[in-house]
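Residue-level structural notes
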Amino acid sequence: CLSRFENASSDDFLYWGGWSLPEDFDDLARRRGKGFSGQRLRNHIATICADGNRIGALFDKFNQHAELAKIKTEAIAWLTFCTEEAVNKAANEVRGEGENGCVVIPHYVGGDDVLVSVVADQAWRFAVELIKSFEEIKEYYLADIDEVPLSKDVKNELEDLVSNVSLGVGMVFSRYSYPFYECRHKAEEALSYAKQTTQGKKSAICWMDLTEGGGNSQYTKDKYVILYKDASSQLNDESNVPDAISKLTSSAQHSLRNQMIAWKQEHHRETEESLNEWLKECSQYLEKWIDRTRDEIIKIDINTLEADLHRARWWPTSADSTEENAS
């Protein structure tokens, strides 16, 4: 990757208009993205793998009609262009100030495939913006299809296929020193899980945190999925951020996570009844914390409690939390 950056021509997408790209993962982890003002450890990154949904079905339909031959050629070009633009816009969305503001390393961007590394505390913003920008490809496709003389039925079918175009994202958090090969493998695994969960019908993000037992713990799930529309809504409106977990300090989150593992170790049960019992205990723990530390009403949803806890560590709204008595 470094060799490619050094030899990139001025019009190469990966040249990124003179941006100062991180030299390695250590450099990436220490950089501060947009709006960062907290005191987090600067040694974590996220590996993000993304791939389009229903693109193949759309192109297969193009192949069935000679009138769409030109559109297909343009569609391939639009796909690459929109994917590159999506990565560029997402990188700009999380870019910090100054010469070292770039907090993204693009490893591969082509067609509808993306593989990048992002500083950990900007990963969620990056992923949401990536999906938002990628889905703009629909506007180009619909405009092109509208100009082709086709029957109404064929146009309707094509428009339905275009409307189903979406992006699956796999996101893995790790220390910068964690082997990149393993991070990529886990990110691809998460991407596949996101696609399976939604059956490729909606844009979604599957995440895994290798710093908190992801891939190794027998007491917690390895990965979770959230729909793009939910992640976007929660990022853009803090009142929609689930539960109190995102407002807990990192030490309180760690304490709650350990409580969860200890409970499962003690009970050795994976039944729905035992899980609900644990969720109830955790909810009571959070309610006591809210009463003690917050003068506000925060809704607790026990159905998403475990997943919310799993993503809270790198969720942007908790990035600048100050230490409070949350034991």
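Use the structure listed above.
Residues numbered from 1 in each chain as written. Predicted model: local features only at pLDDT ≥ 70, side-chain atom pairs only at ≥ 80, totals over all residues. Heavy atoms only, no water.

1. Description of the sheet that holds strand β6 (residues 224-227)
Whenever strands of a sheet pair, they do so through backbone hydrogen bonds, lying parallel or antiparallel. For clarity, the threshold we go by: Following DSSP output, two strands are said to pair if at least two bridges run between them. In this description a helix means any DSSP run of H or I spanning at least four residues, a strand means any run of E spanning at least two, and both kinds are numbered starting from the N terminus. What counts as an axis is a line fitted to C-alpha atoms, over the stretch in contact for a helix, and the angles between N-to-C directions run from 0 to 180 degrees. The contact rule is simple, with two residues in contact once any of their heavy atoms fall within 4.5 Å.
Spatially, the 6 strands line up as an open sheet ordered β2-β3-β1-β4-β5-β6, and their pairing is mixed. One side of each edge strand has no neighbouring strand; the edge strands of this open sheet are β2 (104-110) and β6. Averaged over all adjacent pairs, the angle separating strand axes in this sheet is 15°, with direction ignored. Pairing geometry for β2 and strand β3 (residues 113-119), over 6 bridges, is antiparallel. The residue of β3 that forms the bridge with Val104 is Val118. On the sheet, helix α8 (residues 180-198) packs against β1 (44-53), β2, β3, β4 (166-175), β5 (204-209) and β6 and is oriented at approximately 40° with respect to β1.

2. Quick word on the side chain of Arg31
Counted only if it meets this: Relative accessible area decides the class of each residue, using a 1.4 Å probe on protein chains only: under 20% of the type maximum gives buried, over 50% gives exposed, and in between gives partly exposed. Counting of polar contacts relies on pairs of N or O atoms within 3.5 Å, with two restrictions inside protein: one atom must be capable of donating a hydrogen and the other of accepting it, and residues adjacent in sequence are counted only when both atoms are side-chain atoms.
Turning to its location among the elements, Arg31 is positioned in the loop between α2 (25-30) and β1. With relative accessibility at 5%, the residue Arg31 sits in the buried group. Among the polar contacts listed, one links the side chain of Arg31 to the side chain of Asp27, at a separation of 3.2 Å. Setting aside its immediate chain neighbours within four residues, Arg31 contacts Ser20, Leu21, Pro22, Arg42, Asn100, Cys102, Val103 and Val119.

3. A short note on the pattern of salt bridges
Put simply, the rule is: By definition, a salt bridge exists where a carboxyl oxygen of Asp or Glu is found within 4 Å of a side-chain nitrogen of Lys or Arg.
Scanning all chains against the criterion turns up 10 salt bridges. Its salt-bridge partner being Glu135, residue Lys138 comes within 4.0 Å of it at the nearest N-O pair. Notably, a salt bridge pairs Lys229 with Asp230, separated by 3.2 Å at the nearest N-O pair. The exposure class of Asp230 is partly exposed, given its relative accessible area of 29%.

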